[in-house]
Structures are given as C-alpha cells and as structure tokens.
Amino acid sequence: MKVVETFGLSKTYVQDVLGTEYGRIKFRLRNRKVDALKDLSFSVEQGEIFGLLGPNGAGKTTTIKILMGIHFASRGTATLMGRPLGDLEVKRRIGFLPENPYFYDYLKGYEFLQYYGQLYGMPKRRLNARIEELLDLVGLSHAANLPLKGYSKGMNQRIGLAQSLLNDPQLVILDEPQSGLDPLGRKEVRDIILKLKEEGRTVLFSSHILSDAEMICDRVAILFKGELINIGRMNELLSAKTYQYELIVSGLQADKMDALKKGASKVLDANHESMLIYTEEAQAQEAIRTAIQHGGAIRSLTPRTETLEEYFIRNVKKGGEKRA
Amino acid sequence: MSDNATLPTLEKLEVASWRDKIFPLALWAIILGLLFRPLLWNDWLQIKAAINPAALSYSWKLLGMDILCVGIVFVVLYWLILGRIGFIALNTFREAVRNRILYFILFFAIVLMMASGVVKELAISASTRIVTDIGLTSISFFGLMAAVFAGISLVYNELERKTIYTIVSKPVHRYQFLLGKYFGLLLTIYVIVAIMSLFFFLVFNYQANTSDEVLEKVLYATNTSGQMQMVDHPGLVKAVFLLKAVVKSFGQSVGNLFGFATGAVSPNLLVAIALIGLRLMIVTAIAVFFSSFSTPALSAVFTVMLFMAGTLNEDILRFGMHLRETAIKEAAGAAIPLAAYIKVNLAYLAALVVPNLDSLDVNSEILHGDKVNVWRFSVLYAFSYTGIVLLGAILIFRKRNFK
C-alpha cells in the first residue's frame, strides 16, 4: 500500500505588501512570487524509511507542510494512507515533528505531552502509560517535570519526537529530525528511526545531513530548487563500482615518490605521509609494489564507492548548470 | 465524491470516553451559567422584589432555576466541546494564568476599587454612586485591556512560535483550534471579571455595612432613662464590629458573585456586570478575528478602535438620521442629491457593521437611579454578533497558510 502519494504537487508563494500570505485573500499590489515546489510526484511504500533530501530551499519543508495541512498546494494533490489531505482519521494515525520545534514554554514536559495526547482523544490511563514509555525512549524522564522554558535545543527536539509518537502512529513524518543535535543525539535519533521501522511503521523524513540519511534510508528523493532531481533505492542511485583507491604511504625519499606520483590522479602530502589517489586497481597495485621495493611503508589502502554526498554534489551541480 | 468508494477503511481507534471530558465541561457550565444568571432571571427578580422584597431571598424554586440555567449551558457546551475545543480552551486558560501581565491588570483594578472607598470621603454626598461608578468603570476598562491584550497575544503566539504546526497535524479541525482559543480567552476574561467584581462587591457591601447610621447604632445605646449613651470601650467595639463587617461583606460578595442579590448589591448591579461580560464577549471575538490574520499591533489598534466606535454606535445612527433630515430639508421637496443619499447610507452602514455596545451599557442608568431595562434583543444581538465575527475569523483561518 502506498502510504504517501503526491501528484504534481506545486506551491507558489505570493507575498503581499504586508509580507504575509493568506491563501486566497491576496493583495495584488507589488506581489513577489516564489516557486517553492514544482510538479513533485513521489510515493512512499508501507514500512520503508523514505528520505527527502536536498540543500536549504529545496522544497523539503514545503512538501511536508502541504502533507500536514499547514500550507495548501497551489496545484496538484496528495494522499495519505489513500485518503485526501486533511482527513482526521488519517491524522489520528500520523506523527509529525516540525523543523526546529518550539513548544509552549509555560508547560512542563509532562503537561505538554498530556495536552497533545488529549488532542488525540486518548483515554487518560493509556495516555499516561504512553507518556512514561516515550519519555524513557527519548531519554527525558529526568526532565518530565521541568518547564519547557528551560529545555535546550536538543531536549526540545527530543520532546518533539516524543509528541510525534504519542498516538502510536503508522506513519511518522519528521522534518529535519537531526538538526541541532550533537553526534551522539544524532545517533540516538537514527536508532529511534530504525526502531520505528522495525515496529512496522513508515517513516518519511527530510534532511540535509546526507551521511545520516545514507545510513538509514531505504529510498530517497533528491530535491533541488523545488524540483525532483532523482528518486530511487540507495544502491540504485549510487554506483556500487569502486571508483578510486586511496593509498597512504610513508618513509619514501622524494625522488622515489615521483615514480609513485606518475600514475596517481591526485597527491596529498602531509608531514611524513603522502596520500595518493588512483582510479585503476592495477595502478594501485603497481604503486604498492614500487613503494615496498624502495623501503617505504604502506599505511593504508582504501577502495572508495560513491557516497550520497558525492552523488548529491555531482547531480546538484549538473542541475544548477543546466538551469543557469 | 465518487472515488470515496475506493478509499481504504481505517480500523477504529480507541478514544477517550465522555468521562475524560466532564471536568472541563463542568467548570465551563458553572462559570457561564452563574455569570449570566442575573441576566436571565432579572425580570423575574425585579417583579418579585416589587411584590414582596422579602421574597428575594434564595428559595428552592430559585435553586431549581439555577440548576436549569447551568444545565442549559452544559448542554450547549457539550455540543461545542464534542471535538477538541475544550482541551484547547483549558490550555489557553493555563497559558493566561501563567502569564504575569494579566496579574498587573488585576492588581491595578483592585487597587483602584479599594481606593474608591477612600475617594468617597471627599465627595459631599452620594458616596455609593462614586463607588459604583469607579467599580463598574474599572471592571469594563480593565476587562477591555485583558480582552485586547490576551485576545491578541495568545492567538498570535501560537502562530508566531509555530506551535500551530503540531496542533494542525493532530486530529483537530482548524475551526476547533480557533474556537478553543476563543473560549479559553473568554474563560480567562470572565475569571478576571469575576475577581474584579468580587472586590467591587466587597467595597460596596462594606460601605453599606459600616455606614454612619449603622455605626451610630453600634456605638450608642439607649439607657434606661431613654437617652443615647456611648457604649463602654468604643474603640474595641468599633474594631470588632469592623472586623465582623469585613467577614460579613465577604460572604455577601461571594453570594453576589454567584448572582444572588444579597447585601447592598441590587439585581441591577448584577445585570450591569453580566452586560459587561456580554460586551467583552464581543470585544474578544473581534480581537480573535483580527489576530487570525493580522499582526498584533494592527489587531490591537483595530480592536480598540472598533470598541470605541461601538460605544458611540447610537451616535453614529443619530448622525445618519440627522444627515437624512438635513438632506430632505435642503432638497425642499425635490429628489435628494446622490452625494447626500450615499452619505446617509454610509452612516447607516457604519452603525450596522460596528458592534452596538451602547445597548449593552446600563451603567449610566444605574448611576442615575433610573429603571434598568435590558432589551432582550440586545442580548440576542450580542450572541449573534459574536457568532458572525467568529464565523468570519474561521473562514479566513480555514484556508490560511501558516507562516
């Protein structure tokens, strides 16, 4: 079953003189138009982790806002769980964490989760049990009775994650869940997302931190300036072929090094070590032999496959040039 | 829609029972029911008072009517709160309670009312009038301040801080959010009005309980030879009496607060305060309306301006009538020129659009001791005007992209 499906989703922001946008009511004076999203179609299958990737201003957040009913699409439609957007029965089964979440600072952590649980119409006893469970999951049990005013950015992100899971959702939509977190926090969020998948939930999340996405996504959609550049499985998008070998050697004379450098596509010299990059396996093997013959030491040899980051830079650059 | 048939059916989820909703409902019903009680039973109380003043005391019949009154409010609210409105309202109330600025408003109002007890010493006569005047004026003024301030900031905060994002993603309709905010604000403002009224009644009852005539009776006793004589230890007697008077006045004031015309407070005064409640209901709706699409500064200006225009509503109407008469006179039998015709109708239109707060103001009648007549149509008008303004806010809010 397709949990999320969009059909030619487009969004044009029209800013009026007051700098606000009221949907249908627009002041036509000195309007400024911004195409935030152009004809986006994709679908998310049940049980997968789907990443919406792209640099800032790519349209990731706009897509999520339209799916959550915060903004309305200018053209195109979308469905969640096979139902049109705005269906309350669907919203009961969805969890959402906005970007850089900020919550009621006059509430305590526990009260906040209680309030949101009430909005789901959850019975009190089940709600309280669920809150304990979630505070434990996101590691905020110690801060449950502290006001949100005193929460750090990371704690806000965690309590936001907790509120998105209150209703035991089948689909979790997370907008930049890892922004503002330290490396440890990022790993914890990653683990939570993987756990959600294990429990059979579908996760749709956006990120510009590609290394985080690379590790957990089943499929990704890459957006740039409001357009879909590519979509597919991670291993389909990235070529599995090793495209370069990185050799690090040390203890060689300068004149001996020149022989090694001949076949290398790139050379980086550090204090006593040199990193040589070869594009062919044979060249790398030849270089190792030469280095050992001349009494050098091999520190490491690393075959490299393409990372999402490199793919991204390559494609976005191409896309940018095409448009320029 | 034809494709509805192809939509998958989602299994039923467990939701909260009515027991979880009963507490916010009951709180609402009691506050609203009792606040508007004098308005609903005013005529009845006045007729009863005219026939037999002693019958004004609380009776079982009256209790039955109160239960009925709270019950009606309860049923209306239950219909409203079936969604998520109640929880949003209670959270709004909680936000207001934890917001310190409202305490300043309350503090100034109470200080002013307490001061009215001192100011009346400076007046040559009619001390009750001064207490009534200052009391009613400060309740309406500070109530207006609270309505404008809270009404605008509490809605705007949700939009500005983007908490609306997560609210919208919950199974909550946008109109439920807006109505929840409105009712939460109204609850806050009515609690503030109730606290101010309590202090107003306290000053009022205390004045009556410790008037010169009463004090005289306490401090002077008639001796066996029929002469007035001061009691022993007059200072102590007076102090004890005043202390008792405070406790008695407080008891009476609490009774007044729940709509009972005990002590020196007449049903008319209770009606005046209930009408302030109605006026604030309109003003809060206007504040919510503007803040549903405008910036806080503009909303505040618009709301206050509409409030001021509203208190002059009947003058606008009179101005229109004056224009019409002048135009007819100047035309001298010929057709009225188009410019004058437009002018007259613009004035009438303004009087129609601007809320008619004039008809909900009986303060001057009370001050002049005139008979208070609340036109039932005005009460109906207050509710329908509020409804229309809220409907407008919902229509704008429904299709709005949140920043």
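Below is a summary of the structure that appears in this document. Every value quoted in this text rests on a predicted model; they were computed, and no experiment measured them.

**What to know about the overall build of chain A**
Then, number 1: Of regular secondary structure, chain A possesses 11 helices and 14 strands.
Then, number 2: Scored against the burial criterion, the 324 residues of chain A give a buried share of 52%.
Then, number 3: In chain A, 70% of the contacts between residues at least 6 apart in sequence involve partners at least 24 apart.
Then, number 4: A total accessible area of about 15200 Å² is found for chain A, and carbon and sulfur atoms account for 50% of it.

**Some words on the sheet that holds strand 14 (residues 297–304) of chain A**
Residue and element names in this part refer to chain A.
Then, number 1: Taken together, 4 strands build an open sheet; the order of strands is 12-13-11-14 and the sheet is antiparallel. Sheet topology places strand 12 (266–269) and strand 14 at the edges, where each strand pairs with a single neighbour. With direction set aside, neighbouring strand axes in the sheet form an average angle of 15°.
Then, number 2: Alignment of strand 11 (residues 244–250) against strand 14, held across 7 bridges, turns out to be antiparallel. Across the sheet, glutamate 246 pairs through a bridge with threonine 302, a residue of strand 14.
Then, number 3: Seen against the sheet, helix 9 (residues 254–261) touches strand 11, strand 12 and strand 13 (273–278) and runs at an angle of roughly 15° to strand 13.

**With respect to empty space enclosed by the protein**
Gaps left between atoms show up when a probe the size of a water molecule is rolled over them.
Then, number 1: In this structure the tally under the stated criterion is 5 cavities of 30 Å³ or more.
Then, number 2: When its volume is computed, the second largest cavity comes out at roughly 70 Å³.
Then, number 3: Contributing to the lining of the second largest cavity are Tyr102, Phe103, Tyr104, Asp105 and Tyr106 of chain A together with Glu95, Asn157, Glu158, Arg161 and Thr163 of chain B.
Then, number 4: Looking at the lining of the second largest cavity residue by residue, the class counts come to 4 nonpolar, 2 polar and 4 charged.

**A look at the nonpolar core**
Most often, soluble globular proteins keep nonpolar side chains buried together rather than apart.
Then, number 1: Core analysis: the largest hydrophobic core is formed by 155 residues, its most contacted members being Phe112, Tyr115, Tyr116 and Ile159 of chain A together with Met196 and Phe200 of chain B.
Then, number 2: With 13 residues, the next largest nonpolar core counts Leu252, Ala264, Leu276 and Ile288 of chain A among its residues.

**With respect to the sheet that holds strand 7 (residues 171–175) of chain A**
Residues and elements named next belong to chain A.
Then, number 1: Spatial strand order, 6-7-8-3-9-10: 6 strands in an open sheet with mixed pairing. The strands lining the two open edges of the sheet, one partner per strand, are strand 6 (94–97) and strand 10 (227–233). Recorded for the sheet is a direction-independent mean angle of 15° between the axes of neighbouring strands.
Then, number 2: Alignment of strand 6 against strand 7, held across 4 bridges, turns out to be parallel. The residue bridging isoleucine 94 from the neighbouring strand is leucine 171, located in strand 7.
Then, number 3: Sitting on the sheet, helix 1 (residues 60–68) is in contact with strand 3 (49–53), strand 6, strand 7, strand 8 (202–207) and strand 9 (219–224), with an inclination near 140° to strand 7.
Then, number 4: Strand contacts of helix 5 (residues 153–164): strand 6 and strand 7, with the helix running at about 165° to strand 6, the strand carrying the most contacts.

**Let's talk about the packing of helix 4 (residues 124–138) of chain A against helix 5 of chain A**
All names here are of chain A.
Then, number 1: At a minimum axis distance of 9 Å, the contact between helix 4 and helix 5 shows a crossing angle of 140°. Here helix 4 is positioned oblique relative to helix 5, judged by the angle of their axes. Here helix 4 and helix 5 pass one another in a crossing that is right-handed. Contact residues: Leu134, Leu135 and Val138 in helix 4; Arg158, Ile159, Leu161 and Ala162 in helix 5.

**Notes on the packing of aromatic side chains**
Then, number 1: Following the criterion strictly, the structure yields 20 aromatic pairs over all chains and no others.
Then, number 2: Note on phenylalanine 141 of chain B and phenylalanine 142 of chain B: the rings are 5.2 Å apart at their centroids and 75° apart in plane angle, and the pair reads as edge-to-face.
Then, number 3: What makes phenylalanine 142 of chain B buried here is its relative accessible area of 11%.
Then, number 4: Connected via pairs of aromatic rings, a cluster forms that spans Phe103, Tyr104, Tyr106, Phe112, Tyr115 and Tyr116 of chain A.

**Some remarks on the side chain of serine 43 of chain A**
Then, number 1: Inspection of the secondary structure puts serine 43 of chain A in strand 2 (residues 32–45).
Then, number 2: Aside from chain neighbours lying at most four places away, what touches serine 43 of chain A is Lys2, Val4, Glu5, Glu48, Phe50 and Arg219 of chain A.

**Details of unusual backbone geometry**
All names here are of chain A.
Then, number 1: At aspartate 39, a position not held by glycine, the phi torsion is positive, near 50°.
Then, number 2: Tracing the sequence through the fold places aspartate 39 in strand 2.
Then, number 3: A relative accessible area of 57% means that aspartate 39 is categorised as exposed.

The rules we used
Residues numbered from 1 in each chain as written. Chains lettered and ligands numbered in written order. Predicted model: local features only at pLDDT ≥ 70, side-chain atom pairs only at ≥ 80, totals over all residues. Heavy atoms only, no water. Helix = DSSP H or I, 4+ residues; strand = E, 2+ residues; numbered from the N terminus. Buried < 20%, exposed > 50% of the residue type's maximum accessible area, 1.4 Å probe, protein only. Contact = heavy atoms within 4.5 Å. Areas by Shrake-Rupley, 256 points an atom, 1.4 Å probe, with all protein chains shown as cover. Pairing = 2+ DSSP bridges. Axes fitted to C-alpha atoms, helices over the stretch in contact; angles between N-to-C directions. 1 Å grid on protein atoms, 1.4 Å probe; cavity = no way out; pocket = protein on both sides within 12 Å on 5 of 7 lines; lining within 4 Å. Points joined across faces, edges and corners; volume = space filled by probe spheres on them. Nonpolar A, V, L, I, M, F, W, Y, C, P; charged D, E, K, R; others polar. Core = buried A, V, L, I, M, F, W, Y, C linked by side-chain atoms within 4.5 Å. Parallel < 35°, antiparallel > 145°, perpendicular 65-115°, else oblique. Left-handed = near helix turned anticlockwise from the far one by under 90°. Phe/Tyr/Trp six-rings, centres within 6.5 Å; stacked < 30°, edge-to-face > 60°.

Such coordinate-based values are descriptive only and should not be taken to indicate function.
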